[in-house]
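So you can see what is in the structure, the chains are spelled out below.
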Amino acid sequence: MIEPHAPAPPGAPPSWTGPARLPVRPGTGRFLVLVCVFVCAACGLVYELELVAFASYLMGDPVTQASVVLSVMVFAMGIGSLGAKRLRCHAAAGFGAVESALALIGGCSAMALYAVFAWTAGWGGMWADGPRCLLVAFSLAIGLLIGAEVPLLMELIQRIRRQDAGGAVADLFAADYVGALVGGLAFPFLLLPFLGQLTGALLTGTVNVVAGGALVLGLFRRDLTRRARWTLLLAGLTVLGVLACAAALAGDFERAARRAVYGPDVRVAVQTGVQEVVLAGGTHGEPLDLFLDGRLRVGGRDEHRYHEALVRPALTGPHTRVLILGGGDGLAAREVLRHPGVRRLDIVELDPGLVRLARRDPGLSALNGHALADPRVRVTTADALTWLREARGPAYDVVISDLPDPGITAGAKLYSQEFYGLARRVLAPDGRLVVHAGPVAARPRAFWTVAATLRAAGFAVSPYRVPGHGSACPAGPEASRAPHDWGFLLAARGDAAPALRVGRGRAGTLTQAGLTADARAAERTRVSGVPVSTLVHPRY
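Residues numbered from 1 in each chain as written. Predicted model: local features only at pLDDT ≥ 70, side-chain atom pairs only at ≥ 80, totals over all residues. Heavy atoms only, no water.

A. Just the environment of Cys-40, in detail. Along the chain, Cys-40 falls in helix H1 (residues 26-59). Measuring from C-alpha to C-alpha, the distance between Cys-40 and Ile-146 comes to 8.4 Å, with 106 residues separating the pair along the chain. (Helix = DSSP H or I, 4+ residues; strand = E, 2+ residues; numbered from the N terminus.)

B. Inspection of the packing of helix H5 (residues 165-219) against helix H6 (residues 226-262) at higher detail. Between H5 and H6, the shortest axis-to-axis distance is 9 Å and the interhelical angle comes to 165°. Our classification of the angle between H5 and H6 gives roughly antiparallel. Seen along the crossing, H5 lies across H6 with a hand that is left-handed. Listed contacts from H6 to Leu-198, Thr-199, Leu-202, Gly-205, Thr-206, Val-209, Val-210, Val-216 and Leu-217 of H5 are Arg-229, Leu-232, Leu-233, Gly-236, Val-239, Leu-240, Leu-243, Ala-246, Ala-247, Ala-250, Phe-253 and Glu-254. Partitioning the contact of H5 with H6 into residue classes produces 15 nonpolar, four polar and two charged. (Axes fitted to C-alpha atoms, helices over the stretch in contact; angles between N-to-C directions. Parallel < 35°, antiparallel > 145°, perpendicular 65-115°, else oblique. Left-handed = near helix turned anticlockwise from the far one by under 90°. Contact = heavy atoms within 4.5 Å. Nonpolar A, V, L, I, M, F, W, Y, C, P; charged D, E, K, R; others polar.)

C. Examining a nonpolar patch on the surface more closely. Together, Leu-181, Leu-185, Phe-189, Leu-190, Phe-194, Leu-195, Leu-203 and Val-207 make up an exposed nonpolar region whose accessible area comes to about 810 Å². Its place among the elements puts Val-207 in helix H5. (Patch = residues over 30% accessible without salt bridge, like charges linked within 9 Å, V, L, I, M, F, W, Y side chains within 5 Å. Areas by Shrake-Rupley, 256 points an atom, 1.4 Å probe, with all protein chains shown as cover. Salt bridge = Lys/Arg side-chain N within 4 Å of Asp/Glu carboxyl O.)

D. Structural context of helix H3 (residues 91-120). For H3, which comprises 30 residues, the first-to-last C-alpha distance of 40 Å matches the rise-based estimate of 44 Å (1.5 Å per residue) to within 8%. Considering bend angle alone, the principal kink of H3 is centred on Ser-109 and spans about 45°. (Expected span 1.5 Å × (residues − 1). Bend = angle between axes of the 7 residues up to and from the residue.)

E. Just the packing of aromatic side chains, in detail. Within the structure shown, the criterion is met by ten aromatic pairs. Following the ring pairs from residue to residue traces out a cluster consisting of Phe-54, Tyr-114, Trp-119 and Phe-253. Over the face of the ring belonging to Tyr-396 we find Arg-321, whose NZ or CZ atom lies 4.9 Å from the ring centre. (Phe/Tyr/Trp six-rings, centres within 6.5 Å; stacked < 30°, edge-to-face > 60°. Lys NZ or Arg CZ within 6 Å of the ring centre and 35° of its normal.)

F. Fine view of the pattern of salt bridges. Taken as a whole and assessed by the stated rule, the structure comprises 15 salt bridges. A cluster of three or more residues bridged by salt bridges with shared partners is formed by Glu-303, Arg-312, Arg-334, Glu-335 and Arg-338.

Shown next as structure tokens:
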């Protein structure tokens, strides 16, 4: 309970017994305390962002995960601030203990979350929510410790030279907010791309415990008993030892965890700056699986089924100039280039790292038939929406939207009315737009929302789907499971829905009820009361 403010009774001892005996001048001491505030704030924000990033990467739905982490941490910070009032009489020792605990818990949080997700997420039962429960537990513990920092630092800075409360709070919060800014920028631009999440969190913990220990044992050592000094020193050295051992084993740990998540055939795992790209298999006749930020993007056994269904219905009409939005793996480009009459193919892909892999990785480049080396292909590295806003020049006969599922919050703008309006602007009058709109059976609301958005942008649509195997990758988590189907929307300008025709596939004919002789190989499915054509490939 928050205590009401009241003046201390006459004769009551103050919370501090006079100015601290420092080995430096008071002005220098205050500066060092504010530097420690700066460092601790930066470390605290890195822990926070690391939890948000890991939760989004492992569990999906970044808005929900960020809301859980931030709300739990802010609540815990308030509780931690209240709890720290009991440590004010021993502010130096309390702050040293808090920093050691925070460095250990925050530094190891990423590794612990990854371990639980990799090895227990597939157990089911009571373990199914293990990663989420651990995420809340870490958010709560880190928030409690971060909340305890400010009252203790306030007490320490007043121990050096007592000043009015408003001035001390202003100095403290200024250093705290600037440190938070630095930590917030360091995480995405330095720690994540150069060190990765695991090593970055461990390094942050190391900086945290060194800063806290140096302040307490160096500046306020005379406020501590001999026993307290040795206890804090041993605790800090133990935390440093644990973090150093974890950092030394981080590489082996990450490889083992990736094999547990993606299967034993992981060949490539790179952080491109846009996303994490993982390639599994693809050599010695094994099917290649491509994962983007933990989600299965290309499944080796179903890949031809998906890309033929995406490309072929759209290319039954004019297709001299084709635009692919996304598709940096080169697989949609492979299907486009199999059609005679294609003179130019433009690909707009956000991630240059994925394009490099599509060109150089032996498994992925073999799977896409070295499509990106074709002289008709021009690849532009840009955000698809930004590129469409600036697009000028001749219109395209076909626009293919090969983008992540609409259920991923970060890509919602790529399924907006503005996006489709801009795509309509670059489309020839008799051109066609095809959109991958996610699984129909699993997420019908998202599928039909995309269809409604296309209609609002001035398109008539023909919905269709292609069934998949619906299988999971070996030992993979739920986020990595292949869908049971893929839903597509073929769109054209005007009020008349485009005719859904399909051409020949690699080893057979894609069929659709009423459009080919082999009507028995096709079916017509109703989802939400609306018929959706189903394409079937005899090869599968």
